[in-house]
Every structure is written in structure tokens, then in C-alpha cells.
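Each chain is listed here by its residues.
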Amino acid sequence: MRFINLTRRTEIGANSYYLETAGHRLVLDSGMHPKFEGEEALPNMNAIGGRKLDAIIISHSHQDHIGTLPVLMRRQPQARVFMTEPTAEIGNVLLHNSVNVMTRQREELGPAAAGLYPLFTHREIDRVSERWQSCALRQSYNLFGERVPADSNETTFEFFDAGHVLGSTGVLLRSEGRTLFYTADVNFDDQTIAQAAVFPEENVDILITECTRGDTPVPPAWSRMAEEKRLMQAIENAFAGGGCLLIPVFALGKTQEILAILYKLRREKTLDFPIYIGGLSSKISEIYDRRAQMGRRQLSRLQLLNELRPFVLNSATIHDAGTRPGRIYALSSGMMTPKTLSNIFAQRIVDQSRHSIFFVGYADPESPAGILRNARSNEAMKIDPDRAPQTVRSHIEQFQFSAHASRESLVAFAQRLAPKKVLLVHGDPLAVEWMRARLTIDLPNSEIIVPKPGLEIEL
Ligand SMILES: [Zn+2]
Ligand SMILES: [Zn+2]
């Protein structure tokens with residue numbers, strides 16, 4: 001088997017991985033980098049040269065895994081594309097939204113970006129998405145998309161529920177008498193809506209594992225239930241101070257988890273407060289509601305939009321939306337990327353001490369959310385690099401509701417599978433390094449590999 005890491009750096013960026021086995025060529029995921037523009041936002045597709053892909057397998061519909069799929073499909077028109085049905089449904093909504101974002105960016109970036117942006121169009125998404133094949137969980141398929149027995153001699157793949165967001169999967173590949181498992185983004189613990197991953201328990205030969213939380217230990221007394229209680233108390237305190245509360249969230253996953261937590265808080269405390277979310281979050285919540293009883297999840301009777309009746313903001317209405325006390329604004333993006341709803345809203349409240357901003361999940365340390373959550377009170381920072389610095393006066397607090405596995409559970413999983421080789425991906429350098437050091441000790445018989453971007457290796 002041959003493997004190329006198509007990300008441009010060791011990081012959580014535009015995830016994409018090339019594999020060649022038994023004469024087949026395939027790519028796992030085709031993400032978009034949240035921080036860069038143009039070609040730099042794409043995976044390094046040049047590293048696969050003129051090779052023609054047979055298949056593209058998408059693990060889930062977060063931007064960093066599906067965001068450049070239309071570009072890859074344009075360059076590889078013969079490749080078959082596989083994902084779960086919810087991933088296809090959400091991916092479609094997300095990519096269309098991405099065209100709108102890129103069209104706005106084109107105006108801001110000026111003539112330099114005009115030829116490049118948007119990287120794809122609405123019509124192109126409609127055309128290529130017709131070629132996506134939805135696959136069920138726990139079924140083996142060959143690379144033509146036919147269902148075949150797991151013990152067939154062909155190269156096959158099988159999706160496993162990753163417990164990360166709706167539709168998310170890990171991928172088991174069987175080929176040449178060997179097995180490879182790609183965790184993609186995984187959570188081994190229950191969230192408020194998503195149920196814990198159900199991953200293979202038998203030995204695999206090669207494990208490609210995410211490392212998102214490799215640089216953060218779980219706080220000693222942490223439990224999700226205790227964390228929900230702490231959040232409830234913090235919301236009461238925030239409102240008592242006469243301010244509103246911003247929670248930056250990803251439109252997919254974190255929005256729905258937070259809405260479900262707020263639903264529980266309301267139910268338990270008869271506390272009632274208006275909630276605002278973004279248009280994209282609302283569309284994705286609709287898909288969660290429509291599919292509530294169709295797969296594994298908790299609170300399967302909960303219809304988020306019906307129960308919580310959130311008000312919906314968009315890029316036009318965000319500028320004059322109120323910052324009234326006693327309201328929760330759960331807005332994307334989670335990293336407060338410039339020009340997104342959460343970034344614009346943060347600029348309006350960050351310099352006022354009565355307001356609060358709560359962080360509830362992963363943020364790239366260099367993103368505005370990553371910088372702001374570590375900012376000290378009265379420090380000056382630019383929420384948007386194109387704007388003047390502001391003094392941080394709002395109340396800032398962090399909570400641990402990650403949709404990603406703890407590093408301890410990732411290590412335990414690797415130990416159960418006892419792979420001959422472990423490839424560490426999807427982590428910032430410190431996170432990957434912690435995992436490497438730890439697995440080198442805990443799996444003395446395995447080769448632990450941090451795959452260099454763009455370099456072809458034999459597995
Ligand atoms: Zn993800
Ligand atoms: Zn990811």
C-alpha cells in the first residue's frame with residue numbers, strides 16, 4: 001500500500017489522504033482550510049501527479065473534510081464518490097453556503113481572487129452531487145459501489161459510526177489481505193445528541209488516527225453532566241450581570257449539541273431565554289430534526305427547532321441585531337473566522353464588561369476564537385485583522401464540550417487494535433507530538449508515523 005498525506009502542513013487544515021492499493025487509487029476526504037484562500041485552502045492535490053483516482057471517500061461533512069470535494073471531482077471526473085446519506089444531505093447544504101461565502105470573499109479580496117473565486121459554483125455542486133453514492137453503515141462495498149461480502153477478495157470499504165456529528169464515520173478498508181482503519185473525526189464518549197462511536201474492535205494492520213485533543217488532558221473531575229451544570233450556572237451569572245451571551249459554534253454538530261443542552265436547561269430549570277442562531281445552523285438543524293428517529297442518537301424525540309424556536313440571523317441582519325440582556329447568540333463559525341456571524345457579533349460586545357463570551361469546543365490557537373479565549377482582561381486584540389484593535393472587557397469562559405475523542409481514549413483505542421503501523425494526522429504539531437511520544441511507549445511493537453505532507457510512503 002502506498003500513502004500520501006495531502007495536507008500542506010502537520011495540522012488540522014484541509015484534510016485529505018491518498019492511498020494506492022491492489023492497483024486502486026483512492027482519496028480519503030477532501031477538505032478546505034479555514035484559514036487560507038485560493039490554492040492554499042485546497043489539499044495539495046499536485047502530490048498525486050497525473051494519477052487517476054478510482055474513488056473518493058468522504059468521512060463527514062465538516063468543511064475541513066468535504067469543503068473542496070467539487071474541485072477534486074472536477075480534476076478527477078472518473079472517480080466514484082462515497083459517503084453516508086446524512087453526510088450527502090448536510091454536505092450539499094454546506095457546500096452551497098460555501099459558494100456564498102466565497103462570492104463575498106471575492107469582493108473583499110479584490111482582483112487577485114477574481115479568477116479563482118468562488119472555487120466552485122452552485123450549478124457545479126448540483127451537477128457533481130448527483131454522482132455521490134450514499135452508503136449504509138456496517139456494509140462492505142467495493143470501489144465500484146457494489147455491496148459485497150466482507151470476506152470478498154476485492155478491495156472493499158466499510159463505514160462505522162464515528163459519534164462525532166450526524167452522518168460522521170470512520171472507514172475500514174480491506175485490501176491485499178490487510179486492513180486499514182481511518183478514524184477521521186471521532187468521539188468515543190456520548191455527547192448530548194450524538195452517541196459514542198461504534199468502531200471495529202478487532203486487530204487492524206494500519207491505523208490512521210486523528211489527534212485533535214492530543215495537547216489537552218481531560219480535567220480530572222470532568223464529566224459531561226457536571227459540565228452542563230457548570231454551563232447552566234454560568235449562563236445565570238451572565239444574565240444576572242445584565243448582558244447577553246455569545247457562544248461561537250460550528251454550524252454542524254456544535255450548534256445542535258448546544259441547542260440540546262439549552263433544551264435540557266430549560267426543561268430542568270424552567271429558565272426561558274431567547275436564542276439566536278445563524279441561517280446555515282438553522283438549515284442543518286432542520287436535517288437533524290428530520291433524521292432524529294432514523295439513526296443512533298440520544299433525545300431522538302427532540303425536535304430542536306420546534307422546541308427551542310431560535311431566531312435566525314444572517315450576514316445582513318447580524319449588523320443590527322440587538323445585544324439585549326438575557327439572550328443567547330449561538331453563532332457560527334466556531335473559530336470566529338473573520339466576516340462570519342460570530343466574529344461580527346464578537347466585535348460588537350467584546351469591549352463591554354456586561355456581556356459574556358463562552359467557548360465550548362476546539363478552535364485553532366491562531367484563529368480569533370483561539371486568541372480571544374486566552375486573552376487577558378483589558379488586553380487589546382483584533383477580532384478581525386482588517387479592523388482596529390479592541391480592548392477585551394467582556395466576561396470570557398471556557399467549557400469542555402468537544403466533539404472529539406480525548407487523547408486518553410484515542411490511545412486506548414489504538415491499544416485495542418494493536419496495529420503494526422499507526423499514522424498520526426488531524427492535529428496541531430504539539431498534539432501530534434504528544435500522541436507520538438505516548439504511543440511509542442504504549443505500543444512498542446508498532447511503528448508510529450507522522451506522515452510528512454506531500455511525501456509518498458510505503459505502508
Ligand atoms: Zn469534524
Ligand atoms: Zn476535522
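A few points on the structure. Just so we're clear, the structure is a prediction, and the values are computed from it rather than from any experiment.

## Here's the deal with helix α12 (residues 407-417)
Logical step 1: Three or more residues of α12 are buried, namely Arg-407, Ser-409, Leu-410, Val-411, Phe-413, Ala-414 and Leu-417.
Logical step 2: Structurally, α12 contributes buried residues whose contacts are with β10 (178-182), β11 (206-210) and α13 (429-442).
Logical step 3: Ala-418 lies just past α12 and shows a positive phi near 45°.

## Quick look at the coordination of the zinc ion (ligand 2)
Logical step 1: Donor atoms from the polypeptide that coordinate the zinc ion (ligand 2) comprise Asp-64 (OD), His-65 (NE2), Asp-185 (OD) and His-426 (NE2), at 2.1 to 2.2 Å from the metal.
Logical step 2: One way to put it: the four donor atoms around the zinc ion (ligand 2) meet at angles of 90 to 159°, and that makes the site irregular.
Logical step 3: Counting gaps between the donor residues of the zinc ion (ligand 2) yields the pattern D-H-x119-D-x240-H.
Logical step 4: Between the zinc ion (ligand 2) and the zinc ion (ligand 1) the interatomic distance comes to 3.5 Å, and Asp-185 is a ligand of both metals. You can see Asp-185 sitting in the loop between β10 and β11 and its partner His-426 sitting in the loop between β20 (421-425) and α13, a full 241 residues away along the chain.
Logical step 5: Among the residues examined, His-426 registers a relative accessible area of 5% and is labelled buried.

## Regarding the sheet that holds strand β5 (residues 80-83)
Sheet strands pair by backbone hydrogen bonding; their relative direction is either parallel or antiparallel.
Logical step 1: Strand order in this open sheet of seven strands is β6-β5-β4-β3-β2-β1-β22, and the pairing throughout is mixed. Both edges of this open sheet fall to β6 (132-134) and β22 (456-458), since each of them pairs with a single strand only. Here the strands of the sheet are splayed against their neighbours by 25° on average, with no regard to which way each runs.
Logical step 2: For strand β4 (residues 55-57) and β5, the ladder comprises three bridges, and the chain directions are parallel. Its bridge partner lying in β5, Ile-57 is registered against Phe-82.
Logical step 3: Strands β5 and β6 of the sheet are contacted by helix α3 (residues 85-109), whose axis makes an angle of about 145° with β6.

How each quantity is defined
- Residues numbered from 1 in each chain as written.
- Chains lettered and ligands numbered in written order.
- Predicted model: local features only at pLDDT ≥ 70, side-chain atom pairs only at ≥ 80, totals over all residues.
- Heavy atoms only, no water.
- Buried < 20%, exposed > 50% of the residue type's maximum accessible area, 1.4 Å probe, protein only.
- Helix = DSSP H or I, 4+ residues; strand = E, 2+ residues; numbered from the N terminus.
- Contact = heavy atoms within 4.5 Å.
- Donors = N, O, S within 2.8 Å, 3.2 Å for Na, K, Ca; no water.
- Tetrahedral: all angles 85-135°; square planar, octahedral: opposite > 155°, others 65-115°.
- Pairing = 2+ DSSP bridges.
- Axes fitted to C-alpha atoms, helices over the stretch in contact; angles between N-to-C directions.

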